[in-house]
Amino acid sequence: MGATILVNALTERPPEPELRAIVLVAAPFVGAGGWPGDEFELPHDLGARLPQGVPVHVFHGLRDETPPPSRADLYARAIRQAQLHLLPRRDHQLNNDLSEVAKAISPDDLRSVTQE
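Just so it is clear, the structure is predicted and the values come from calculations on it, not from any experiment. (Residues numbered from 1 in each chain as written. Predicted model: local features only at pLDDT ≥ 70, side-chain atom pairs only at ≥ 80, totals over all residues. Heavy atoms only, no water.)

## Digging into the overall build of the protein
Stage number 1. Along the backbone of the protein there are 5 helices and 3 strands.
Stage number 2. Its C-alpha atoms give the protein a radius of gyration of 14 Å, within 12% of the compact-globule value 13 Å for 116 residues.
Stage number 3. Along the three orthogonal principal directions, the C-alpha set of the protein runs to about 35 × 35 × 20 Å.
Stage number 4. Evaluated residue by residue, the protein yields a buried proportion of 38% over its 116 residues.
Stage number 5. Looking at the protein alone, contacts between residues at least 24 apart form 76% of all its contacts between residues at least 6 apart. (Helix = DSSP H or I, 4+ residues; strand = E, 2+ residues; numbered from the N terminus. Rg over C-alpha atoms; globule rule 2.2 N^0.38 Å. Buried < 20%, exposed > 50% of the residue type's maximum accessible area, 1.4 Å probe, protein only. Contact = heavy atoms within 4.5 Å.)

## Concerning the pairing of strand S1 (residues 22–25)
Stage number 1. With burial as the criterion, only one face of S1 is covered, namely that bearing Ile-22 and Leu-24; the residues Val-23 and Val-25 on the opposite face remain uncovered.
Stage number 2. Bridge count for S1 against strand S2 (residues 56–61) is 4 bridges, and the pairing is parallel. Bridge pairing links Val-25 to Phe-59 in S2. (Pairing = 2+ DSSP bridges.)

## Brief notes about helix H3 (residues 70–78)
Stage number 1. Of the positions making up H3, those classed as buried are Arg-71, Ala-72, Leu-74, Tyr-75 and Ala-78. One side of H3 carries all its buried residues, which in axial view fall inside an arc of 150 degrees.
Stage number 2. Contacts from the buried residues of H3 go to helix H1 (2–12), S1, helix H2 (46–49), S2 and strand S3 (83–87). (Arc of directions from axis to C-beta.)

## With respect to the pairing of S3
As a general feature of sheets, a regular strand has side chains that alternate between the two faces.
Stage number 1. As defined by bridge partners, S2 adjoins S3 across 5 bridges and the pair is classed as parallel. Across the sheet, the residue bridging to Phe-59 is His-85, located in S3.
Stage number 2. Handedness of the crossover is the feature at issue here: the chain leaves S2, passes through H3, returns alongside S3, and the resulting connection is right-handed. (Right-handed = clockwise from strand over helix to strand, strands pointing away.)

## As for the packing of aromatic side chains
Any aromatic ring pair is given by two values, namely how distant the centres are and how the planes are angled relative to each other.
Stage number 1. The full count for this structure, using the stated rule, is 1 aromatic pair.
Stage number 2. Ring geometry for Phe-29 against Tyr-75: centres 5.0 Å apart, planes inclined by 80 degrees, an arrangement best described as edge-to-face. Remark: Tyr-75 occurs in helix H3 and Phe-29 occurs in the loop between S1 and H2; sequence separation between them is 46 residues.
Stage number 3. Residue class for Phe-29 comes out buried when judged on its relative accessible area of 4%. (Phe/Tyr/Trp six-rings, centres within 6.5 Å; stacked < 30°, edge-to-face > 60°.)

## Considerations on the confidence of the model for the protein
Low-confidence regions, as indicated by low pLDDT, have predicted coordinates that should not be scrutinised in detail.
Stage number 1. In the predicted model, the protein carries a mean pLDDT of 87, and the fraction of residues at 70 or more is 93%.
Stage number 2. Here helix H5 (residues 107–115) stands out as the element of the protein with the lowest mean pLDDT, 53, in contrast to S3, whose mean of 96 is the highest.
Stage number 3. Overall, residues 111–116 carries pLDDT values under 50, and its contacts beyond four positions in sequence, including any with other chains, amount to 5 contacts. (pLDDT = per-residue confidence, 0-100.)

## Brief notes about the side chain of Thr-11
Stage number 1. One can find Thr-11 in helix H1.
Stage number 2. For Thr-11, a relative accessible area of 16% translates into the label buried.

Given below as structure tokens:
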């Protein structure tokens, strides 16, 4: 739930330090089509409310049963600029292998995305 709470907070109040990336790993989607939310729901125009120009990565293991992989698709629809990374044979913890996440947020990869 941490990533879901973070992305919701970013829509309400952008952070003061400049972000280099927003990375969601195995995040449940709270809102239409996802989990019901008692305290908040993510807006359908989530991407438009996030800090502009910041790369967004959504990682999800295809063997995750905590939030199923279809929740990642909900993020992809709500955050049009997001890069969706669906990882085969990975569970909720990505089998404790964050190598794809590390590569996506490496300084070289972020520099090429922000320069485009």
